[in-house]
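# Analysis of the macromolecular model
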Amino acid sequence: MPDRLRILDLTDELAFHGARLLVGLGADVVRVERSPAPALSRAETLHWHAGKRVVGVPKSPAALDRLVEQADVVIESGPLDQLLGVRAGADPASSTKAGTGDGTRDGGVSSRWPGAIHVVVTPFGTTGPRRTWRADDLVAAAAGGMAWLGGQPGQPPKPPPREQATQLAGAHAAIAALLGVIARDRTGHGQLIDVSVQEAVAATLETAAISWIHAGRYPSRNGGVYEHVAHRVFRTADGHVAGGYSGSDRMWTDLLAWMAESGEAEDLTEEKWSDPVFRWRGRGHVDEIVARFVAKRSAAFIAAEGRARALPWAEVATAARLPANPQLTERAFFTRILGEGLPPDGVTDVGFPFAAPDLPRPVRLSEPLPADAEAPWQSARPRGRREGIEAGGRSLAGIRVLDLTWVLAGPYATKTLAEHGADIIKIESRHRQDPTRFAPSMRLRPEAGFDDSGYFINFNREKRGVALNLRTEPGREVLRRLVAECDVVIENFSPGVLDRWGLSYDRMVELNPGVILVSMAGVGQSGPWRDAVTFADTLAAMSGLTSETADPGEEPQGLTFGLGDMVAANSAVLAVLDMIAAGRGGHVDLSQLESMAASMGPAVLETELGDPRTDSRTAAQPNRHRRMVPHGVYPTRGDDRWLALAVRGDAEWRRLTEHAGLPVPASAGLEERRRREDEIDDALAAWCAEHDGDSLTAELQGLGIAAAVVATGRDLVDADEHLAARGFYPVLEHALAGPVRHEGIVVRMSATPGALTAPAPLLGEHTDAVLKGLLGMDDDELSLLHEAGALE
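Quick summary incoming for the structure in this document.

Definitions and cut-offs
- Residues numbered from 1 in each chain as written.
- Predicted model: local features only at pLDDT ≥ 70, side-chain atom pairs only at ≥ 80, totals over all residues.
- Heavy atoms only, no water.
- Salt bridge = Lys/Arg side-chain N within 4 Å of Asp/Glu carboxyl O.
- Helix = DSSP H or I, 4+ residues; strand = E, 2+ residues; numbered from the N terminus.
- Buried < 20%, exposed > 50% of the residue type's maximum accessible area, 1.4 Å probe, protein only.
- Contact = heavy atoms within 4.5 Å.
- Phe/Tyr/Trp six-rings, centres within 6.5 Å; stacked < 30°, edge-to-face > 60°.
- Lys NZ or Arg CZ within 6 Å of the ring centre and 35° of its normal.
- Pairing = 2+ DSSP bridges.
- Axes fitted to C-alpha atoms, helices over the stretch in contact; angles between N-to-C directions.
- Core = buried A, V, L, I, M, F, W, Y, C linked by side-chain atoms within 4.5 Å.
- Expected span 1.5 Å × (residues − 1).
- Arc of directions from axis to C-beta.
- Parallel < 35°, antiparallel > 145°, perpendicular 65-115°, else oblique.
- Left-handed = near helix turned anticlockwise from the far one by under 90°.
- Nonpolar A, V, L, I, M, F, W, Y, C, P; charged D, E, K, R; others polar.

Where charged atoms from two side chains of opposite charge come close, those side chains can pair. If you walk through the whole model with that rule in mind, you get 61 salt bridges. A salt bridge links Asp 678 to Arg 624, with the shortest nitrogen-to-oxygen separation between them at 2.7 Å. Taken together, the positions of Asp 678 in helix α25 (residues 677-688) and Arg 624 in the loop between α22 (603-608) and β22 (631-635) put the pair 54 residues apart, joining distant regions of the chain. Note on Asp 678: relative accessible area 48%, which makes it partly exposed.

The next subject is the environment of Ala 304. As for its position among the elements, Ala 304 is in helix α11 (residues 299-308). Judged by its relative accessible area of 35%, Ala 304 is partly exposed. The spatial distance from the C-alpha of Ala 304 to the C-alpha of Trp 529 is 9.4 Å, given a sequence separation of 225 residues.

Tracing the chain through its elements places Val 573 in helix α20 (residues 563-582). Ignoring sequence-local partners within four residues, the contact set of Val 573 consists of Ile 175, Ala 413, Thr 416 and Leu 417.

Let us now look at the packing of aromatic side chains. For any pair of aromatic rings, the description consists of the separation of the ring centres together with the inter-plane angle of the planes. One pass over the full model with this rule turns up 14 aromatic pairs. Grouping aromatic residues by their ring pairs yields a cluster made of Trp 148, Trp 212 and Tyr 218. Just above the ring of Trp 148 sits the side chain of Arg 221; from NZ or CZ to the centre is 5.1 Å.

Attention now goes to the sheet that holds strand β24 (residues 706-709). Sheet strands line up and pair through hydrogen bonds in the backbone, either parallel or antiparallel. Spatially, 3 strands are ordered β22-β23-β24 in an open sheet, and the strand pairing comes out antiparallel. The open sheet has two edge strands, β22 and β24, and neither has a second partner. Sheet twist, expressed as the mean angle between neighbouring strand axes with direction ignored, is 20 degrees. Note: strand β23 (residues 642-646) against β24, 4 bridges, orientation antiparallel. Its bridge partner lying in β24, Leu 643 is registered against Val 709. The strands that helix α26 (residues 693-702) touches are β23 and β24; relative to β24, the one it contacts most, it runs at about 165 degrees.

Counting residues in each nonpolar core, the largest one holds 150 residues, and the members touching the most others are Val 119 and Leu 417. Looking at which element gives the most residues to this core, the answer is α20, with 14 residues. When sequence neighbours within four positions are dropped, the list of residues in contact with Leu 417 reads Leu 396, Val 401, Ala 422, Ile 424, Ile 490, Val 573, Val 576 and Leu 577. In this structure, Trp 501, Leu 503, Leu 782 and Ala 790 belong to the second largest nonpolar core, which totals 30 residues.

On to the pairing of strand β26 (residues 738-741), then. Bridging between strand β25 (residues 731-734) and β26 involves 4 bridges; their strand directions are antiparallel. By the bridge assignment for β26, Val 731 is matched with Arg 741. Between β25 and β26, which pair antiparallel and follow one another directly, the connecting turn spans 3 residues.

The end-to-end C-alpha distance of helix α8 (residues 249-261) is 18 Å, a good match for the 18 Å that 13 residues give at a rise of 1.5 Å each. Where α8 is concerned, the buried positions are Met 251, Trp 252, Leu 255, Leu 256, Trp 258 and Met 259. Viewed end-on, α8 has its buried residues packed into an arc of 160 degrees, placing them on one side of the element. Relative to its buried face, α8 has exposed residues pointing more than 90 degrees away, namely Asp 249 and Glu 261. Its buried side turned inward, α8 meets β10 (240-244), α9 (276-281), α10 (283-295), α11 and β11 (313-315). Trailing α8 by a residue or two, Gly 263 shows a phi angle of about 70 degrees, which is positive.

Moving on to unusual backbone geometry. Arg 361 connects to Pro 362 through a cis peptide bond whose omega is -5 degrees. Its location among the elements puts Pro 362 in the loop between β13 (347-349) and β14 (363-366). The omega torsion of the bond from Val 629 to Pro 630 falls at 0 degrees, within 30 degrees of zero and hence cis. Tracing the sequence through the fold places Pro 630 in the loop between α22 and β22. Unlike most non-glycine residues, Glu 163 shows phi in positive territory, near 50 degrees. For Glu 163, a relative accessible area of 24% gives the class partly exposed. Despite not being glycine, Val 407 shows a phi value in the positive range, around 65 degrees. Within the secondary structure layout, Val 407 lies in the loop between β16 (400-404) and α13 (409-419). Of the residues examined, Val 407 reaches a relative accessible area of 24% and is grouped as partly exposed.

Moving on, we get to the sheet that holds strand β12 (residues 335-338). Pairing within the open sheet is mixed, and its 3 strands lie in the order β13-β12-β14. Of all strands in the sheet, those with a lone pairing partner are β13 and β14, marking the two edges. Neighbouring strand axes in the sheet, compared pairwise and without regard to direction, differ in orientation by 35 degrees on average. Pairing of β12 with β14 involves 4 bridges; the strand directions are parallel. From the neighbouring strand, Arg 336 faces β14, where its bridge partner is Arg 364.

So, on to the packing of α8 against α10. For the pair α8 and α10, interaxial distance at closest approach is 11 Å and the crossing angle is 50 degrees. Classed by the angle they form, the pair α8 and α10 counts as oblique. The way α8 lies across α10 gives a crossing that is left-handed. Taking contact as the criterion, the partners of Trp 252, Leu 255, Trp 258 and Met 259 in α8 are, on α10, Val 286, Val 290 and Phe 293. Of the residues contributing to the contact of α8 with α10, the split by class is 7 nonpolar, no polar and no charged.

Moving on to the pairing of strand β4 (residues 73-77). The buried fraction of β4 amounts to 5 of the 5 residues, a majority that puts the element mostly inside the structure. The alternating pattern of β4 places Val 73, Ile 75 and Ser 77 and Val 74 and Glu 76 on opposite faces, both of which are buried. Pairing analysis gives 4 bridges linking strand β1 (residues 6-10) to β4, with the strands arranged parallel. When the sheet's bridge partners are listed, Leu 10 is paired in β4 with Glu 76. For β4 and strand β7 (residues 117-122), the ladder comprises 5 bridges, and the chain directions are parallel. Bridge pairing in β7 links Val 73 to Ile 117.

As for its position among the elements, Asp 349 is in strand β13. Those residues within four positions of Asp 349 in sequence are excluded, and the remaining contacts are Arg 20, His 47, Phe 334, Thr 335, Ile 337, Gly 601, Val 604 and Leu 605.

Quick look at the structure:
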């Protein structure tokens, strides 16, 4: 038998994605049927569970215990009071600060299997006053602040398509599993690990909460226009593209030159528009001219010419067209699924975020197959390494990471590694200016300079900052010496940059034989589009996600925050942890596009199988669900205040209609409710509008009905008693900004808790200390490097 991690899958929809990601790493995943089984379509079943073996509902608790004893990791999800492996106790929230890392250590719940690595995903976590509350994707997205960011002004807020809230929770569950394996191999013990879907969402908002922390304001839904970056969706002659002109000055000057070539730049060639501050203030005017230019051309032309000019433009693709994407097909991204009743060569599904060493591409998986309930595993349990850490220490203590990333995707990944104990050496330079430090529109704090940018502060805490000018040969030589001293290198340069600096992966291995290199280029290191310049919005457009933001009969809106960056960041973390857990080095070629496309759920399979996702969504009710009625967002008392609600099943419907006095009978089944959905939604909207959202949410949750206020950034930071009880916004003292709240830790390890202990560095704050401590440099050598301009 090969050595593979054994995963016991006890998940529901909250964490399906986590178990799927572990299949993508080559883990041996055995799923235990639930009672009642989730109602899934054929496409959903194949997407979420292909590559697994399935055992029936255990005949007794002892039968389940025997399966747990054979597994390395148990992943379980659902409402807290329905979990099989959790024993409830008194809530410890008042005595713990889970946001700083110690969320489940002091009680609240315990695992029925104390020797296991037991990952528990619940809607609101295992501690805190709302720990028993229920949520589906819509309600969790509302409670976590993501639904607030989507939709049109004056219409109900809506979350991103394809269950991104629960997929984020699933990604953190997979990360938690590998952190648990690494900790077990260093301590010899398992532990309970707490993942809250609400917190997974609240940690993935880019600026929605931290704008409130740093500027006392928060972004609102606006139909898809980025607030801090000049990017959006534009109509073309035959479709839509995503793109814009933020970032380096070249993004603007080259776009301007392109428009001027055909005489369509209008007044933008005037000198005043070269000033980025003036241009930002006149963004509406600039966008109108760009929109006229784009509208005369096809989407394919704009995207292709944008790539040729190294500008960030992309066609808004549909899921049906995704398998024809030449970049994805060249890199063998897609998975083939084989099974009964399918074509002999299977059907196409989206693949996994990266090619894992234990599951090389092209990937072919079988449909979920039955397994022997007593001996379901087809692998041997891997032998762990034993590198001890102190009791209560963090899982990644002793791991050193060289961080060559900027903006959001890379820094978000290294932030997560830092939370769990990795020593992050962040390389920066005033000669390659990170926009999150240097661009005024991204600093968030009024009058902030580059050292106290609110955006940079949040995503770069717990790191040591080294200023290194990589445009100089002495600077590059220092970089090579640092590579030799680090376990992991993460970079998001354009493909080929490191090679030109004499730091190809092969050269890194010569310097450091066990090094792990994760490259995070927009579309990967190979393929016909390898040199494409990408932003979060263009990745979402290429992946198919943007096309699904369109309301029925309307144009796609796009997203107003960098979801794709943070999805890619979670993939990078997973890649690093997979290598560390296996005790090997290697080069992970991570395409941010593939990470985003992998989060499209069963969209491609639905097209392949002729099983499109059908529902009765309208522009006025964009949140309807084909298996739940009612399922939507409704206005409550107050200005632009909303409540998300999801009724699962006839029993919940009876409780709701009896409580709210709705005109449709309590005895109405799903099909009758669907026929009268407009009537139900109108009645609910009128009823909710008479009530305070917070009070009504508590009433509905008391009836066992999933509901939540659609939270703004202010709600999350200042008004959410549950997040406050769990300590999700801990305070760190910054040298210039003073005491600052930060977004907290999502993965709560009970035995090896993460922690936030240090604020983001000032530019080059730790340069001398790191170069002396790691490279043994003396003052004379440092002086020479400073004089050569290498350390700035």
